Amino acid sequence: MHLWRRGTRFTFQQRIPTRLAPRLGTTPFRTTLGALPLAEARRRAKVFAGALAVWMETEMTRESISRSLESLKTSFEELEARKDEFDKGSSLLRANAMIVSHFSEKARNEGQEIDQRAVDMAAVVTSLFEAQDRTFEEAKTKLANAKAAAEMDVALREEARQAYLDVIGAMQAPRGAVPTLPVGMTPNAAATVVNQHVADVRAFTPATLLSVAGHAVLETQKAARSTKSGKISRYDERLETTLNAFLDVVGDKPLNYYLPIHLQDFATVLARVPANRSKFPIFKGLTLREMGEKNSKLSPTLRKTCLSSTSISGYLLEIKSIWKKITAGMYDVRDITNYSVTMPADAEDSIDREPLKVSSLNIWIRDIASESRMRKPHKAWLPVVGLLTGMRLAELVYLQKTDIVDVEGNEVFDLRRPLRIGGKEIDRPLKTKTSKRIVAIHPILRECGFIDYAKKIRSSNGFIFSHFQETNDPPDAAQKQMGNWMKTLGIHERQRQVFHSLRHNAKHWFRVNAGDRLADLQCGHALDSEGKKYGFKSLDPEEVQKIMAIPPLRNVDFSPLIERAGRV
């Protein structure tokens, strides 16, 4: 424990033991105490130190401990504020009540007339102050008890730790020597001590906080899904967002606190939360509940669109999945996963994404072929390749020149290959297992000039769309640029007509002309029947030729790009 003063203000600091650094970090816990008398600062510091000693030995995360420390600090401040208010605001009333009582008693003894109403009021004021005195003393007693309990817990933990070390020392006695257990300890008791200390910190109990158990489960999942690049998948980021949202709305409580109906509370609040809330400064620093209230008070022209029923359903499915993993094999906690939530009326209706209209495609292609657009070819080619291959935007931005390979005389994109960056192989970021596939290249894409462009492009990292790799999140950067471009052309419709709509155009094109199975393999969708699962898991050379031979997209005019390729 360390306490220092700058001027009249004190700061408390507690270092983290070396053995706990891997879990809690090396930065000490620190909090300001404010302007206090030295004796009071020392008293609070001892309470903080005792509480931290207990909390650090539990499975609590650093974040949970910091929140608990701030809550304890707030309790002290509220108690002090009440005491100051009592001292300043009560002196005159208390004195007046005492004076009235004194002179009334004197007048009564002398047989003089008294003001009974004033006497009664003085008695009421005196009783109120006495009750407040008792409340203040009770609060002080509770804090003192908490301090004593914390100190006792530390002492008991130290005693248990020493017993553990004694047992381990006895077990490590030299060969031939007779192990000697501590005085008064039976072999069964020794085994219990050892088992208590070797228990996994993830052995959650009904008293474990949801934040502690939830984040531990998510960290384990992230480790299992980690790639050589070390990047966190979007799915893992979404799970973190879901857990934090539930903690925000319902609160961070022990696992045995939660009821199935809390899922309904969660959904009701989410239905009022603005979609893309992080993009709007007016919601910065607010809780989800506060965001919903603030958004509902905005005028209709300024009010932001809220989460859709589809998004809310996704949140509910994810929190149920997290809960199921946390409570596996645990008793005395409620099963919230089977609760049927009523979708709130405030939730926005879900919007079905559709293929882009043919007229919109032709507007976009004409704009792509213009000289001004082709000055930024990394941006111009994205919609063309997306339309003619059916690849996701997150797959397109990670395409490399080396992904263009020959399969029995036909060139394809091979998304089964790892990325090569700086001479090292890195796992390719893909959405699903079936995304790892061969993608046929339709002849129109070559006629438009893209394949020649891709082979000739020079980039230090080998990416075809290398400019997006200069951002922290290439798919997100590309998505924003495509969305803004579509809005400029007047072909964008929120959630319905977006860049991903090109994938719907492509899937329809492949399905009509090549059948469901080849359309699924080309687009990286899971095959939906046992019959379709028979055969090769990626397009074979014969299937690649079938896709290459299908007629062009109906009524879509690629001539501006084809004519431009002939001139270049």
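Relevant structure appears above.
Calculation rules
- Residues numbered from 1 in each chain as written.
- Predicted model: local features only at pLDDT ≥ 70, side-chain atom pairs only at ≥ 80, totals over all residues.
- Heavy atoms only, no water.
- Helix = DSSP H or I, 4+ residues; strand = E, 2+ residues; numbered from the N terminus.
- Buried < 20%, exposed > 50% of the residue type's maximum accessible area, 1.4 Å probe, protein only.
- Contact = heavy atoms within 4.5 Å.
- Core = buried A, V, L, I, M, F, W, Y, C linked by side-chain atoms within 4.5 Å.
- Salt bridge = Lys/Arg side-chain N within 4 Å of Asp/Glu carboxyl O.
- Phe/Tyr/Trp six-rings, centres within 6.5 Å; stacked < 30°, edge-to-face > 60°.
- Lys NZ or Arg CZ within 6 Å of the ring centre and 35° of its normal.

(A) Layout of the overall build of the protein. Secondary structure assignment for the protein yields 22 helices and eight strands. Buried positions account for 41% of the 568 residues belonging to the protein. A fraction of 67% describes how many contacts in the protein between residues 6 or more apart in sequence connect residues 24 or more apart.

(B) Focus on the nonpolar core. In this structure, Trp364, Trp381, Phe413 and Phe450 are the most contacted members of the largest nonpolar core, which totals 67 residues. It is helix H13 (residues 377-389) that provides the largest number of residues to this core, a total of seven residues. Once residues within four sequence positions are removed from consideration, Phe450 is found in contact with Trp381, Val385, Phe413, Leu445, Ile464 and Phe465. By size, the runner-up hydrophobic cluster in this structure holds 39 residues, among which are Ala275, Phe283, Leu316 and Met330.

(C) Broad picture of the pattern of salt bridges. In this structure the tally under the stated criterion is 22 salt bridges. Where Glu240 meets Lys222, a salt bridge forms, and the shortest distance between an N and an O atom there is 3.2 Å. Pair noted here: Glu240 is in helix H7 (residues 234-250) and Lys222 is in helix H6 (residues 210-225), with a separation of 18 residues, a long-range link. For the pair formed by Glu240 and Lys222, the shared burial category is buried. For Arg496, the salt bridge identified is with Glu493, shortest N-O distance 3.2 Å. Residue classification places Arg496 among the partly exposed residues on the basis of a relative accessible area of 25%. Note on Glu493: relative accessible area 36%, which makes it partly exposed.

(D) Structural context of the packing of aromatic side chains. By the definition in use, this model includes 15 aromatic pairs. Judged by centre distance (6.3 Å) and plane angle (80°), the rings of Trp364 and Phe499 are edge-to-face. A residue pair is termed long-range when its members are at least 10 positions apart, and Trp364 in helix H11 (residues 358-368) and Phe499 in the loop between helix H17 (474-489) and helix H18 (501-514) qualify at 135 residues. Each member of the pair, Trp364 together with Phe499, is buried. Here Trp509 and Phe510 contribute two aromatic rings whose centre-to-centre distance is 5.0 Å and whose plane-to-plane angle is 25°, an arrangement assigned as stacked. An identical accessibility class is assigned to Trp509 and Phe510; each is buried. An aromatic cluster is present here, built from Phe246, Tyr257, Tyr258, Phe266, Tyr315 and Trp323 joined pairwise through their rings. The ring of Phe29 has Arg62 lying over it, and the distance from NZ or CZ to the ring centre is 4.5 Å. One Lys or Arg, Lys253, reaches over the ring of Tyr257 and ends 5.6 Å from the middle of that ring.

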